[in-house]
Amino acid sequence: MLWLSAHPSSGSLNAALRRSGVERLHQLGNHVIESDLYSMGWDPVVRARDGGRAEQVPTDQFRVSRDTRRAFLSDTQPIEVQVEQQKVCDADALIIQFPLWWYGVPAILKGWFDRVFISGFAFGINPETGRKMRFEQGPFVGKRAFVVTTLGDRESAIGPRGKSGELTQMLFGLLHGTLAYTGMSVLTPWALASSDFVKDIVPVQQSLWNRLDNLFTDDPIQYRPQFTGQYTDLWELKEHIRPGESGLDIHRG
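The structure contained in this document is the topic of the report that follows. (Residues numbered from 1 in each chain as written. Predicted model: local features only at pLDDT ≥ 70, side-chain atom pairs only at ≥ 80, totals over all residues. Heavy atoms only, no water.)

## Quick look at the pairing of strand β6 (residues 144-150)
Across the seven residues of β6, seven count as buried, placing the element largely inside the fold. Side-chain alternation along β6 places R144, F146, V148 and T150 on one buried face and A145, V147 and T149 on a second face that is also buried. In this sheet, β6 lies alongside strand β3 (residues 93-99) in parallel orientation, the contact comprising seven bridges. Bridge pairing in β6 places I96 opposite V147. Direction of pairing for β6 relative to strand β7 (residues 185-186): parallel, over a ladder of two bridges. Counted as the bridge partner of A145 is V186 from β7. Summarising the sheet, β6 and strand β8 (residues 190-192) pair through three bridges and their orientation is parallel. Each bridged residue has a counterpart across the sheet, and for V148 the counterpart in β8 is W190. (Buried < 20%, exposed > 50% of the residue type's maximum accessible area, 1.4 Å probe, protein only. Helix = DSSP H or I, 4+ residues; strand = E, 2+ residues; numbered from the N terminus. Pairing = 2+ DSSP bridges.)

## So, the layout of surface pockets
As a volume, the largest pocket reaches approximately 320 Å³. Around the largest pocket, the lining comprises 17 residues; the ones closest to its centre are K110, F113, G173, G177 and T178. Those elements that provide at least two residues to the lining of the largest pocket are α5 (107-116) and α7 (172-180). Counting residues per element, the lining of the largest pocket draws most heavily on α7, which supplies four residues. Partitioning the lining of the largest pocket into residue classes produces ten nonpolar, five polar and two charged. (1 Å grid on protein atoms, 1.4 Å probe; cavity = no way out; pocket = protein on both sides within 12 Å on 5 of 7 lines; lining within 4 Å. Points joined across faces, edges and corners; volume = space filled by probe spheres on them. Nonpolar A, V, L, I, M, F, W, Y, C, P; charged D, E, K, R; others polar.)

## Description of the packing of helix α4 (residues 79-90) against α5
Where α4 contacts α5, the axes come no closer than 10 Å and their chain directions differ by 90 degrees. Considering the angle they form, α4 stands roughly perpendicular to α5. Along its contact with α4, which presents E80, V81, E84, Q85 and V88, the element α5 presents W112, R115 and V116. Partitioned by chemical class, the residues of the contact of α4 with α5 number four nonpolar, one polar and three charged. (Axes fitted to C-alpha atoms, helices over the stretch in contact; angles between N-to-C directions. Parallel < 35°, antiparallel > 145°, perpendicular 65-115°, else oblique. Contact = heavy atoms within 4.5 Å.)

Geometric values such as these leave the question of function open.
This is the structure in structure tokens:
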């Protein structure tokens, strides 16, 4: 499995939880590969070379989706991108760990997805079958995805009536729009609220271990499939399904 993490401090609570979590997975007999983006010095910026083009190419001639797809298919991507893609291919589960900053992932982690999850690899059209690669037809069907995050808000603030919004809705773009979109089975995230005030890491570690112990047995979030007749050709939920309702939760079956 792949443990993907994004925190700038090796002395942070996040780093301690990562080390503890990886060790727990090893104890359970799992092979874990890590991508610690800050320690790797990961460049989060999509550039012309990601499309297999020279850096001096005029910016108006760089077409991100088209060029990166072509580079993937022709094996001309930067080596660091190819390495990360191979890690994803080899993993049966992807654990994404980060501190929640401004209700989103750190820029370095967003840039990892921007550069690694490109057309042809993580989504697009299957060149052999012509099928659209997304959701239940995504290339990563069979892989599990588990988000581990820390945040400053109180636990009640990310509950059903919380000011910050319910957690899975807050992270909808990542959980549904990235992980489920590419075919992964997405587990309910593990979140540590009020993380700046943790005094005893032991119960926190145990809580995370409990989730890791059940990584392959817990039920994933039941996001609706796209190609089974529940959505129109314009990607809108059909009127007879949860009629009169709107919002993100209608996309959970």
